[in-house]
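This is what each chain is made of:
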Amino acid sequence: MSPAIALAFLPLVVTLLVRYRHYFRLLVRTVLLRSLRDCLSGLQIEERAFSYVLTHALPGDPGHILTTLDHWSSCCEYLSHMGPVKGQILMRLVEEKAPACVLELGTYCGYSTLLIARALPPGGRLLTVERDPRTAAVAEKLIRLAGFDEHMVELIVGSSEDVIPCLRTQYQLSRADLVLLAHRPRCYLRDLQLLEAHALLPAGATVLADHVLFPGAPRFLQYAKSCGRYRCRLHHTGLPDFPAIKDGIAQLTYAGPG
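Criteria and thresholds
Residues numbered from 1 in each chain as written. Predicted model: local features only at pLDDT ≥ 70, side-chain atom pairs only at ≥ 80, totals over all residues. Heavy atoms only, no water. Axes fitted to C-alpha atoms, helices over the stretch in contact; angles between N-to-C directions. Helix = DSSP H or I, 4+ residues; strand = E, 2+ residues; numbered from the N terminus. Parallel < 35°, antiparallel > 145°, perpendicular 65-115°, else oblique. Left-handed = near helix turned anticlockwise from the far one by under 90°. Contact = heavy atoms within 4.5 Å. Phe/Tyr/Trp six-rings, centres within 6.5 Å; stacked < 30°, edge-to-face > 60°. Buried < 20%, exposed > 50% of the residue type's maximum accessible area, 1.4 Å probe, protein only. Patch = residues over 30% accessible without salt bridge, like charges linked within 9 Å, V, L, I, M, F, W, Y side chains within 5 Å. Areas by Shrake-Rupley, 256 points an atom, 1.4 Å probe, with all protein chains shown as cover. Salt bridge = Lys/Arg side-chain N within 4 Å of Asp/Glu carboxyl O. Expected span 1.5 Å × (residues − 1). Pairing = 2+ DSSP bridges. Right-handed = clockwise from strand over helix to strand, strands pointing away.

Visitor: Explain the packing of helix α3 (residues 45–56) against helix α4 (residues 62–75) to me, please; I cannot follow it from the model alone.
Guide: Angle between the axes and distance between the axes are the two parameters that describe a pair of packed helices. One way to put it is that α3 packs onto α4 with a least axis distance of 10 Å and a crossing angle of 125°. Put simply, α3 runs oblique to α4. For α3 against α4, the interelement crossing comes out right-handed. For the pair formed by α3 and α4, the contact residues are I45, R48, A49, Y52, V53 and H56 on the first element and H64, I65, T68, L69, H71 and W72 on the second.

Visitor: How should I be thinking about the packing of aromatic side chains in this particular structure?
Guide: Geometry of an aromatic ring pair is reported as the spacing of the ring centres plus the angle between the planes. Under the defined criterion, the tally for this structure stands at five aromatic pairs. On the numbers, 5.7 Å between centres and 75° between planes, the contact of Y188 with F220 is edge-to-face. Of the two residues, Y188 is situated in helix α10 (residues 188–197) and F220 in helix α12 (residues 218–226); the sequence distance between them amounts to 32 residues. F220 matches Y188 in its accessibility class, with the two residues each being buried.

Visitor: Even after reading the chapter, I still don't get unusual backbone geometry, so can you show me in this structure?
Guide: Phi is mostly negative for residues that are not glycine, and the peptide bonds are mostly trans. Cis geometry marks the peptide bond from F214 to P215, where omega comes out at 5°. You can see P215 is positioned in helix α11 (residues 212–216). Phi is positive for A199, which is not a glycine, with a value near 55°. For A199, the position within the fold is in the loop between α10 and β5 (206–209).

Visitor: What is the right way to look at a nonpolar patch on the surface in this model?
Guide: A grouping of F24, L27, V31 and L32 is seen on the molecular surface, where their side chains present a nonpolar patch of about 370 Å² in accessible area. Positionally, L32 belongs in helix α2 (residues 21–41). Look at L32 and you get exposed, because its relative accessible area is 53%.

Visitor: Any chance you could explain the side chain of D210 here in plain terms?
Guide: When you line up the elements, D210 lands in the loop between β5 and α11. Overall, D210 belongs to the buried group, its relative accessible area being 2%. Discounting chain neighbours no more than four positions away, the residues touching D210 are M82, K86, L181, Y188, D247, G248 and I249.

Visitor: I would appreciate a short explanation of α4 in the present structure.
Guide: Helical periodicity: at 3.6 residues per turn, an α-helix aligns residues three or four positions apart in one direction. Helix length check: α4 (14 residues) gives 20 Å between terminal C-alpha atoms against 20 Å at 1.5 Å per residue, within 8%. Where α4 is concerned, the buried positions are P62, G63, I65, L66, T68, L69, D70, W72 and S73. Looking at the buried positions of α4, the neighbouring elements they touch are α2, α3, α5 (83–97), α6 (111–119) and α7 (133–145).

Visitor: For this particular structure, what's the right way to read the sheet that holds strand β1 (residues 101–105)?
Guide: Where strands meet in a sheet, backbone hydrogen bonds hold them as pairs that are either parallel or antiparallel. One open sheet accounts for seven strands, arranged β3-β2-β1-β4-β5-β7-β6; its pairing is mixed. Sheet topology places β3 (153–157) and β6 (230–239) at the edges, where each strand pairs with a single neighbour. The sheet shows a mean angle of 15° between the axes of neighbouring strands, direction not considered. The pairing of β6 with strand β7 (residues 242–254) spans ten bridges and is antiparallel. Within β7, the residue paired with L234 across the bridge is A250. Its contacts with the sheet put α5 on β4 (178–181), β5, β6 and β7, and the angle it makes with β6 is roughly 150°.

Visitor: What should I look at first to understand the pairing of β5 in this one?
Guide: Every regular strand shows the same layout, with side chains that alternate between the two sheet faces. Taking every second residue as pointing to the same face, both faces of β5 are buried, with T206 and L208 on one and V207 and A209 on the other. Pairing analysis gives four bridges linking β4 to β5, with the strands arranged parallel. Pairing of L181 across the sheet is with A209, part of β5. What joins β4 to β5 is α10, and the crossover it makes is right-handed. With four bridges connecting them, β5 and β7 associate as antiparallel partners. Across the sheet, residue T206 finds its bridge partner in β7, namely T253.

Below, the structure written as structure tokens:
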């Protein structure tokens, strides 16, 4: 390419960089820098975050552990976790609904797991599912560090597609009063329909789905709005540390199989 042609494209490149600068920063932090640090340290970001928590957070204090993770994500390495703004929406709903049993699909580092667990009513139970064994090992340590035992929070390692059909027989989960979808948005519709097919959603159950706007789950939202079995509400938020990148949490209320 000649210098003249390159120069002609320069204003367009500058305009795109300015307009999409937040997405560019997110790409740099979540892909480029993270990959470099993974190679240099031999550890995943979740393992580095847990090491930070071990040296800076108070064991047995889930609130302080969550604050420490937020600080790590803001000041050290972007963790791609739920964050405090979405976290308040989640905790408020758990406190309001007082679910006897919660199912979380997508444990990741355990951040949202701690949010749910600390808001559960007495005797409440949380089953959380993570497909990546290495990430699940970090989450397991974080959950136990926060003071939650296996009777209250059970972590299941496996694909949601494989685990959901086994919940009733293998894990004695007959119903999920509240479900958090926080794994892969492209799997949300499949897993919601699996929960319906296995009669795991009682009438009045709440289903929360994170990241429905970014990266987005359009087929899931279309189904929830058009099938006639859900009342839908969308909580508009931004990404943690990137508020200019708009995202949202979908809140569905199940009316029954109808």
